[in-house]
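Analysis of the macromolecular model
Residues per chain are reported as follows:
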Amino acid sequence: MTVQEAENYISQVLPALGVNKRRELVRLVYEIAKRDGVAATEILPVSKNLNFESAKKQLLAKRYPVNFKTAPKDRFYLPKLEIDPAQQADLTPRPFYPKTVYVETSVADSELAARAREMFPQARFLETDGKTQVGSPHFSHRLDTLLIHREKYDFLKPCPCSCSAACCGYNLINLGFGCRFECEYCFLQQYQNLHAILLPANLDEFLSKIDGASFRKGPFDRPRIGSGEFTDSLVFDDLTRYSQKIVPFFRKRPHLQFEFKTKSVNIGGLLEAGGCENVVVSWSVNSSRITDGAEHFTPGLSRRLAAACETAKAGYRLGFHFDPVVIYDGWREDYARTVQEMADTLPHEQVAWISVGTLRFSRELKKAIENRFPQNTILDGEFLLDFDGKMRYCDAQRTEVYGFLLPLLRRTFPRAHVYLCMEDPQIVRAF
Ligand code: SF4
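Everything numeric in this text was worked out from a predicted model, so none of it was measured. (Residues numbered from 1 in each chain as written. Predicted model: local features only at pLDDT ≥ 70, side-chain atom pairs only at ≥ 80, totals over all residues. Heavy atoms only, no water.)

**Some points on helix α5 (residues 111-119)**
Worth spelling out the cut-off: Here's how the labels work: a residue is buried when its accessible area is under 20% of the maximum for its type, exposed when over 50%, partly exposed in between, all with a 1.4 Å probe on protein chains only. The way it works is that DSSP assigns letters per residue, a run of H or I at least four long becomes a helix, a run of E at least two long becomes a strand, and they are numbered from the N terminus. The directions from the helix axis to the C-beta atoms are what the arc is built from.
Among all positions in α5, only Leu 112, Ala 113, Arg 115 and Ala 116 are buried. For α5, the angular spread of the buried residues around the axis is 160 degrees, confining them to a single face.

**Description of the pairing of strand β9 (residues 257-262)**
Filter applied, for reference: One bridge is not enough; two strands pair if DSSP finds at least two bridges between them.
Extensive coverage of β9 is indicated by the burial of 5 of its 6 residues. Across 3 bridges, the pairing between strand β8 (residues 224-226) and β9 is parallel. Residue Gly 226 lies in a different strand from β9, and its bridge partner there is Glu 259. With 5 bridges joining them, β9 and strand β10 (residues 279-285) adopt parallel strand pairing. The residue of β10 that forms the bridge with Lys 261 is Ser 282.

**Some words on the nonpolar core**
Worth spelling out the cut-off: As used in this record, nonpolar core signifies buried Ala, Val, Leu, Ile, Met, Phe, Trp, Tyr and Cys residues forming a set joined through side-chain atoms within 4.5 Å. What makes two residues a contact is simply this: any of their non-hydrogen atoms within 4.5 Å.
By size, the foremost hydrophobic cluster in this structure holds 97 residues, and its most contacted members are Phe 250, Phe 320, Phe 322 and Leu 346. With near-sequence residues (within four places) excluded, Phe 320 lies in contact with Ser 282, Trp 283, Val 285, Leu 305, Ala 308, Met 342, Leu 346, Val 351, Trp 353, Ile 354 and Ser 355.

**Comments concerning unusual backbone geometry**
With an omega of 5 degrees, the peptide bond between Asp 323 and Pro 324 qualifies as cis. Phi at Arg 241 takes a positive value of approximately 55 degrees, unusual for a residue other than glycine. Note that Arg 241 resides in the loop between α8 (237-240) and α9 (242-251).

**Some thoughts on the site of the ligand**
Here is the rule: In this text, near means that some heavy atom of the residue lies within 4 Å of the molecule or strand in question. Any residue that is not Ala, Val, Leu, Ile, Met, Phe, Trp, Tyr, Cys, Pro, Asp, Glu, Lys or Arg is counted as polar, Gly included; the first ten are nonpolar and the last four charged.
By nearness alone, every residue bordering the ligand is listed as Cys 179, Phe 181, Cys 183, Tyr 185, Cys 186, Leu 188, Asp 232 and Lys 263. The class makeup of the residues in the shell around the ligand is 6 nonpolar, no polar and 2 charged.

**A few points about the sheet that holds strand β15 (residues 384-385)**
On the basis of which strands lie adjacent, the open sheet formed by 3 strands has the order β14-β16-β15 and antiparallel pairing. Either end of the sheet is taken by a strand with one partner, and the two such strands are β14 (360-361) and β15.

**Looking at the pairing of strand β7 (residues 197-200)**
Regular strands place side chains that alternate from one sheet face to the opposite one. With burial as the criterion, each face of β7 is covered, one bearing Ile 197 and Leu 199 and the other bearing Leu 198 and Pro 200. Examined bridge by bridge, strand β3 (residues 145-149) and β7 share 4 bridges and lie parallel to one another. Of the residues in β7, the one forming a bridge with His 149 is Pro 200.

**Remarks on the sheet that holds strand β17 (residues 417-420)**
The test is simple: As a rule, the C-alpha atoms of each element are fitted with a line to give its axis, helices using only the stretch in contact, and angles between N-to-C directions run from 0 to 180 degrees.
Ordered by their spatial adjacency, 8 strands build an open sheet running β4-β5-β8-β9-β10-β12-β13-β17, and the pairing between neighbours is mixed. Each end of this open sheet is capped by a strand with a single partner; those strands are β4 (157-158) and β17. In the sheet, strand β13 (residues 351-358) pairs with β17 via 4 bridges, with the strands oriented parallel. Paired with Ile 354 across the bridge in β17 is Val 418. Sheet contacts for helix α13 (residues 331-345): β10 and β12 (317-325); angle to β12, the most-contacted strand, approximately 175 degrees.

**Here's the deal with the pattern of salt bridges**
To keep it simple, the criterion reads: Put simply, a salt bridge is a Lys or Arg side-chain nitrogen that is within 4 Å of an Asp or Glu carboxyl oxygen.
Inspection of the entire model under this criterion finds 32 salt bridges. We note a salt bridge from Asp 144 to Lys 99, for which the minimum N-O separation is 3.6 Å. Of this pair, Asp 144 sits in the loop between β2 (124-128) and β3 while Lys 99 sits in the loop between α4 (52-63) and β1 (100-104), placing them 45 residues apart in sequence.

**Comments concerning the environment of Ala 343**
By the element assignment, Ala 343 lies in helix α13. For Ala 343, the residues in contact, after removing those within four places along its chain, are His 348, Thr 412 and Phe 413.

**What about the packing of aromatic side chains?**
Heads up, the condition is: Note on aromatic pairs: the rings of Phe, Tyr and Trp (six-membered ring only in Trp) are paired at centre separations within 6.5 Å, and the planes decide the class, stacked below 30 degrees, edge-to-face beyond 60, tilted for the rest.
Applying the stated criterion across every chain yields a total of 20 aromatic pairs. Where Phe 187 meets Phe 230, the ring centres are 6.1 Å apart and the plane angle is 40 degrees; that geometry is what we call tilted. Here the residue Phe 187 occupies a position in the loop between β6 (182-183) and α6 (188-191), and Phe 230 occupies one in the loop between β8 and α8, the gap between them amounting to 43 residues. Accessibility expressed as a relative area gives 31% for Phe 187, which makes it partly exposed.

**Here's the deal with the side chain of Asn 266**
Put simply, the rule reads: We define a polar contact as two N or O atoms separated by no more than 3.5 Å, with the added condition that, inside protein, one atom must be a possible hydrogen donor and the other a possible acceptor, whereas residues neighbouring each other in sequence contribute only through side-chain atom pairs.
Positionally, Asn 266 belongs in the loop between β9 and α10 (268-273). Of the polar contacts made by the side chain of Asn 266, one reaches the backbone oxygen of Leu 234; its length is 2.9 Å. If we skip the residues at most four places from it in the chain, Asn 266 touches Leu 234, Val 235, Phe 236, Asp 237 and Asp 238.

Keep in mind that these numbers describe shape and distance, not what the molecule does.
As structure tokens, this is what we get:
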């Protein structure tokens, strides 16, 4: 069903509605029709006594069968439905080959700029003073532009986590902004306002800040520092070769541990750098329905696990992030299959940690997902406005997921630290 069809139907059955009431009903009809693949006439049959209140009640009960009776009404988020086909993601497979590479003058002679020239000889190279606005007007065209720059301010910071969520003491260095994958739930599609790939050429400066810094360690034996907040830690590593410097740096600092977080299998640099006990290479894992259907251009689960085995053989420890877990019919069986595949494949004693987090997103991100992936199924679940202003499954559904996955993971990988990510402290205490 299109937005227009939903609007036409509501105008036909309830012609005298004001703008806000119409907006809510249109969204509900659209979301139910999309989820169930049924016509509007089946969702909201015409009847003599139909008015706004009775229509909204019927539609909320259908859209939120788990929460309709229990959730306060202000937790259902029903914004205007605005879908612009021009914003749809381009899912045509293509290699990463930027059309234009901007290099800031101060790093024109850097190793990274030289490697970019070697890897992308057909690209147009332009020098910039760092003040010129670069990038495309559309997020979907961000891969057309690469900006190699010198980071001046944002070197090290505690993970911002989510306001009021239980903190795991993570620390971040932001080695890049932008990603070549297209995960339907990725927050960058709403957050990244410079539509290009940004890579800093001054990694040494980032590393130089580490020795003088103080770090939180949360519930872990040593502070953890990671690089995958605004990009995938390894997706561009064949170009950046950051791993070649990061691994030797941390090898000399065993009181810290560094985490590469990835969905890629771009592990050549890590293998060359040689293993390191306090470097953990982590893969985001999921049910194959999500890896294959919602994480576009990423390697599937088996390839990720094969790459994990290779890095473990080289001497790295491993981490895994079940994040985001998505609830749908059959989720338990699918996630159990993923855990089983991990159990059958991985060297258990090298798995350092496994986190679990259910799908959550800001209100703005919901709109971005609807626009970029109108056929998505990840939004079909019941998301409510939550304690931190984000949208989440209700406590009972999240608790059901954690009650299933955490014991299973702890039984399967008894030596790994299994924990919840960005969760309500009360729920964290229960597990
Ligand atoms: S791999 Fe991470 S950064 Fe890249 S698109 Fe997916 S969620 Fe976003």
